[in-house]
Amino acid sequence: MSTILDTKGFNCPIPVLKARRAMRGLDVGDELTLLATDPASMIDVPHFCNTTGHELVDSSEEDGVFTYLIRKADV
């Protein structure tokens, strides 16, 4: 299952807090695509994945929108 979470327009720490909440509803192996416009998300999202054990599969930026693909781990 793949879920898209649009947090564009929200600043730190809201994108990560919303991602944390969304990950709770996913099964292990499911993926969350997080969209953010906060430049701090480039630091916050990898840190979130490192501390929770979820896998940051991909990240990119286009026209000021940061896109993160996060796979839920068995944590």
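Figured I'd write up the structure that's included with this text. All figures in this text were calculated on a predicted structure; none of them were measured in a lab.

Analysis parameters
Just so you know, the residues in each chain are numbered from 1, in the order the chain's sequence is written. Since the coordinates come from a predicted model, pLDDT governs what is reported: local features require at least 70, and pairs of side-chain atoms require 80 or more to be given and counted, while whole-chain, interface and lining totals use all residues. To obtain the side-chain values, all non-hydrogen atoms of the structure were used and water was disregarded. By convention in these notes, a salt bridge is any Lys or Arg side-chain nitrogen within 4 Å of a carboxyl oxygen on Asp or Glu. A helix here means a DSSP run of H or I that spans at least four residues, while a strand means a run of E at least two residues long, and both kinds are numbered starting from the N terminus. Three labels apply to residues, based on accessible area from a 1.4 Å probe with only protein chains included: buried if under 20% of the type maximum, exposed if over 50%, partly exposed otherwise in between. Here a pair means two rings of Phe, Tyr or Trp (six-membered ring of Trp) with centres within 6.5 Å. Their orientation is stacked below 30 degrees between planes, edge-to-face above 60, and tilted elsewhere. In this scheme, Lys NZ or Arg CZ marks a charge over a ring once it lies within 6 Å of the ring centre and within 35 degrees of the ring normal. For every element, the axis is a line fit to its C-alpha atoms; helices are fit only across the contacting stretch, and the angle between N-to-C directions ranges from 0 to 180 degrees. Here is the rule for angles: anything less than 35 degrees is roughly parallel, anything more than 145 is roughly antiparallel, 65 through 115 is roughly perpendicular, and the remaining ranges are oblique. For a crossing to be left-handed, the near helix must be turned anticlockwise from the far one by less than a right angle; the clockwise case is right-handed. The contact definition used throughout considers only heavy atoms, calling two residues in contact when any of these lie within 4.5 Å. Amino acid classes used here: Ala, Val, Leu, Ile, Met, Phe, Trp, Tyr, Cys and Pro are nonpolar; Asp, Glu, Lys and Arg are charged; the rest, including Gly, are polar.

## Describing the pattern of salt bridges
Turning to step 1, where the next piece is worked out: According to the stated counting rule, one finds 3 salt bridges in the structure shown.
Turning to step 2, where the next piece is worked out: Close ionic contact of R71 with E55 constitutes a salt bridge, the shortest N to O distance being 3.0 Å. On the criterion of sequence distance, the pair formed by R71 in strand β4 (residues 65-71) and E55 in strand β3 (residues 55-62) is long-range, its members being 16 residues apart.
Turning to step 3, where the next piece is worked out: You can call R71 partly exposed: its relative accessible area is 28%.
Turning to step 4, where the next piece is worked out: It is possible to trace a salt-bridge network through shared partners that takes in E31, E55 and R71.

## A short note on the packing of aromatic side chains
Turning to step 1, where the next piece is worked out: Counting across every chain of the model gives 0 aromatic pairs.
Turning to step 2, where the next piece is worked out: Above the plane of the ring of F10 lies K18, whose end atom (NZ or CZ) is 5.0 Å from the centre.

## A short note on the packing of helix α1 (residues 14-24) against helix α2 (residues 41-52)
Turning to step 1, where the next piece is worked out: Close contact between α1 and α2 brings their axes to 10 Å; oriented N to C, the two are set at 40 degrees. The orientation of α1 with respect to α2, classified from their angle, is oblique. Taken as a pair, α1 and α2 cross one another with a handedness that is right-handed. Taking contact as the criterion, the partners of V16, A19, R20 and M23 in α1 are, on α2, D44, V45, F48 and T52.
Turning to step 2, where the next piece is worked out: Classifying every residue of the contact of α1 with α2 by side-chain character gives 5 nonpolar, 1 polar and 2 charged.

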